[in-house]
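Summary of structural features
Residues per chain, in single letters:
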Amino acid sequence: MTETGNTEPNPRWSFDDERAYEAARNRIGAVIAAYSARIGAADSDGEHAEADRLAALSAEYEELRRSLSPDDGAEIARINAEFPELLAQVRAGRQ
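Residues numbered from 1 in each chain as written. Predicted model: local features only at pLDDT ≥ 70, side-chain atom pairs only at ≥ 80, totals over all residues. Heavy atoms only, no water.

1. With respect to the overall build of the protein chain
Counting its secondary structure elements, the protein chain contains three helices and zero strands. Order of helices (α) and strands (β) in the protein chain, N terminus to C terminus: α-α-α. Counting across all 95 residues of the protein chain, residues that qualify as buried make up 27%. Considering only contacts within the protein chain whose residues lie at least 6 apart along the sequence, 66% involve residues at least 24 apart. (Helix = DSSP H or I, 4+ residues; strand = E, 2+ residues; numbered from the N terminus. Buried < 20%, exposed > 50% of the residue type's maximum accessible area, 1.4 Å probe, protein only. Contact = heavy atoms within 4.5 Å.)

This is how it looks when you write it as structure tokens:
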């Protein structure tokens, strides 16, 4: 039987863990969005091979976002540390 209306926090994760997890998911989403913009631009320019390459890279980040769990503390920390620079690189066309 499932209890409804339970407002107790999950004892496995702190508020800070949840915030870090959400921040990591948002950072991954921003990278995916940057790739989407580049894919659209490449398609518009007739550069379909480049659009396909970018779509493959974007798909890897989509899988990362799908598989990320609040239990992945080290991966969450890595994403939050490294993805701001990755996002800048993607936006600048260097990734």
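2. Digging into the confidence of the model for the protein chain
Summing up the model confidence of the protein chain, the mean pLDDT is 91 and the portion of residues at 70 or higher is 88%. The low-confidence segment residues 1-5, where pLDDT is below 50, has zero contacts with residues more than four positions distant or belonging to other chains. (pLDDT = per-residue confidence, 0-100.)

3. Considerations on the packing of aromatic side chains
Both the distance between ring centres and the angle between the ring planes are used here to describe each pair of aromatic rings. Under the defined criterion, the tally for this structure stands at two aromatic pairs. Geometrically, the ring pair formed by Tyr-35 and Tyr-61 is stacked, given 5.9 Å between the ring centres and 20° between the ring planes. Taken together, the positions of Tyr-35 in helix α1 (residues 15-44) and Tyr-61 in helix α2 (residues 48-67) put the pair 26 residues apart, joining distant regions of the chain. Aromatic side chains Tyr-61 and Phe-83 sit 5.7 Å apart centroid to centroid with 85° between the ring planes, which places their arrangement in the edge-to-face category. Of the two residues, Tyr-61 is situated in helix α2 and Phe-83 in helix α3 (residues 73-91); the sequence distance between them amounts to 22 residues. You can call Phe-83 buried: its relative accessible area is 3%. Put simply, the rings of Tyr-35, Tyr-61 and Phe-83 pair up and form one aromatic cluster. (Phe/Tyr/Trp six-rings, centres within 6.5 Å; stacked < 30°, edge-to-face > 60°.)

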